[in-house]
Amino acid sequence: MAAQSFLSESVLGWSIFSIVLLAILAFCWIYIRKFQSRQESEVVSTITAICALAIALITSALLPVDIFLVSFMKHPNGTYKEWAANNETREQIENTVLHGYYTLYSIILFCVFLWIPFVYFYYEEQDDDNMNKCSQVKNALKYTVGFAIVCVVLLLIGAFVPLEAPPSQNSTQWEKVQYLFEELGSSHGLPALAFSISSLTLIGMLAVITYTAYGMSVMPLNLIKGTRSVMYERLENTEDIDDVEHQIERLKSKCQDGRPLSSRDRHNLQELESKLQVLQRRGRHLEIAERNCCTKVGSALRPIKILLGIVFILVALLFIIALFISNLDKALHSAGISSGFIIFGTNLTNPLNELLLVLQPVFPLDYILITVITMYFVFTSMAGIRNMGIWFFWIRLYKIRPKRTRPQALLFLCMILLLIVLHTSYMIYSLAPQYVMYGSQKYLVQIPSGNTTTDTTRTCDADAPEDQCTMTRTYLFLHKFWFFSTIYYFGNWAFIGAFLIGLVVSCCRGKKSVIEGEVEADDSDIRSILGN
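Note that the coordinates shown come from a computational prediction; the quantities given were computed from them, not determined experimentally.

Regarding the pairing of strand E2 (residues 395-398)
As paired elements, strand E1 (residues 390-392) and E2 share 3 bridges and run antiparallel to each other. Considered in E2, the bridge of Trp-391 is made with Arg-396. The turn linking E1 back onto E2 is made up of 2 residues, and Phe-393 within it adopts a positive phi angle of 55°.

Quick look at the structure:
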């Protein structure tokens, strides 16, 4: 009976995970194909982008499965279920999740440090018409070696910096080296992998602060504000064309008597002619948009868009409030910087944490909510990237536009989204720490009452006996190194600040054009920058 119960609950968890896996693959394919350039489409870059994004989302999908397995080991009264009474069985179940994380995180390292850089540099070299395939591969491998060296350095730092000091301070150098190798072997490489992934998550935190925080404000407000009127834009564009044509004619009239134009006038004439070409292309696109059925349908669905915008801004505010409460809880009740601001449980009421704890016993509900949260982060991140573009400090490398994104830009996009989704695991922990650590587990406590004792149940926390509460493997990965937790803590404050700034900027900006991103004065890629 116990075996059947264990089998049915395991099958339920992994079945829903499989369904989500198929949904993720379908979403990634549609998502990449939507933004992919039809003129510069490349099979290898498309497959790379789809796989990289899918691996990141699948990793996030493991989080609810991990929480489900530790939660369903126990009855609501705090006792272990019959099939989970044996400690070896519980360890075997958690090791299954651990091996899943090992596999997926190893693939992520491979994508970030080898696969994506190689494909990116391969297509960068392809732009040189005088280079053959062999030279392309050779040069791409040469640049990829640098990324591989960084990966090896991170793995070595994580592997050979032990979390505990050697037992004897008078040990010889050989004994110390031997101890380091024993530490690596005893942990099966977990610190090395955790350090590398934490380093990538740190980069993901910067991307979340930059793109996701802005996207969480700009996406709902764009839905609420809508787009400008097509007829008004066409009228305004026609007036601009007439004005530019008049300026061009005035400049050309200066050389009607045979005198050449000055260098300044020639420069102004070139700029005006380029501007005229952009305005004429813009006019053609506006004319097509006015006749397009999608524009008319979009106008009819305006009330739904406003409703969605209101829902999204309320969800964003819920996340910010939950994040603020979580950070405030850490500031008030943790041991401070030296402990990574880690707290075992919640001391302040966190609305999102309470909601997930209520939904968790009915497994699909919390799984759906976590999936929605992850997708929400992806969509808002994409909204931020699309509005801001991909930047390297003050240099804009690429713009992300539907059906016009180059292969190299797609790889950059997926690299950023992969890092962002990696950081969502810590974001979800910050939003709902109790849920991520122990799920809905409870344990029994015997309280003396006169000559007798009464059993009462308590929610699992740091005070619980070690054999009564099972911690998720996700939490162990996130908090292997305290200094990363400290950086993430301050990153959360920066995220809240970036969201509020983005909210003010989004409110001050006007409505978008109905053909936003379709007509640009330049292609905004790195080649045009270097060319100038």
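Now that the structure has been shown, the text picks up again.
Points about helix H13 (residues 407-431)
It helps to recall that an α-helix has 3.6 residues per turn; residues three or four apart then point in one direction. End to end, H13 covers 35 Å across 25 residues, agreeing with the expected 36 Å (1.5 Å per residue, within 8%). Considering bend angle alone, the principal kink of H13 is centred on Ser-425 and spans about 30°.

Comments concerning the packing of helix H7 (residues 230-252) against helix H8 (residues 263-291)
Axis separation between H7 and H8 bottoms out at 9 Å; the angle between their running directions is 155°. As far as their axial angle goes, H8 and H7 are roughly antiparallel. The handedness of the crossing between H7 and H8 is left-handed. Classifying every residue of the contact of H7 with H8 by side-chain character gives 11 nonpolar, 5 polar and 11 charged.

A word on a nonpolar patch on the surface
Residues Phe-324, Leu-328, Leu-332, Ile-337, Trp-482, Phe-483, Phe-490 and Trp-493 make up a contiguous nonpolar surface patch of roughly 740 Å² in combined accessible area. Put simply, the parts of the chain that give the nonpolar patch at least two residues each are helix H10 (302-333) and helix H16 (482-508). Relative to the assigned elements, Phe-483 resides in helix H16. Under the relative-accessibility criterion, Phe-483 is labelled partly exposed at 32%.

Examining the pattern of salt bridges
Tallied over the full model, the rule gives 1 salt bridge. Its salt-bridge partner being Glu-233, residue Arg-282 comes within 2.7 Å of it at the nearest N-O pair. With Arg-282 in helix H8 and Glu-233 in helix H7, this residue pair connects regions lying 49 residues apart in the sequence. On the basis of relative accessibility, which here comes to 1%, the residue Glu-233 falls in the buried class.

The rules behind the values
Residues numbered from 1 in each chain as written. Predicted model: local features only at pLDDT ≥ 70, side-chain atom pairs only at ≥ 80, totals over all residues. Heavy atoms only, no water. Pairing = 2+ DSSP bridges. Helix = DSSP H or I, 4+ residues; strand = E, 2+ residues; numbered from the N terminus. Expected span 1.5 Å × (residues − 1). Bend = angle between axes of the 7 residues up to and from the residue. Axes fitted to C-alpha atoms, helices over the stretch in contact; angles between N-to-C directions. Parallel < 35°, antiparallel > 145°, perpendicular 65-115°, else oblique. Left-handed = near helix turned anticlockwise from the far one by under 90°. Nonpolar A, V, L, I, M, F, W, Y, C, P; charged D, E, K, R; others polar. Patch = residues over 30% accessible without salt bridge, like charges linked within 9 Å, V, L, I, M, F, W, Y side chains within 5 Å. Areas by Shrake-Rupley, 256 points an atom, 1.4 Å probe, with all protein chains shown as cover. Salt bridge = Lys/Arg side-chain N within 4 Å of Asp/Glu carboxyl O. Buried < 20%, exposed > 50% of the residue type's maximum accessible area, 1.4 Å probe, protein only.

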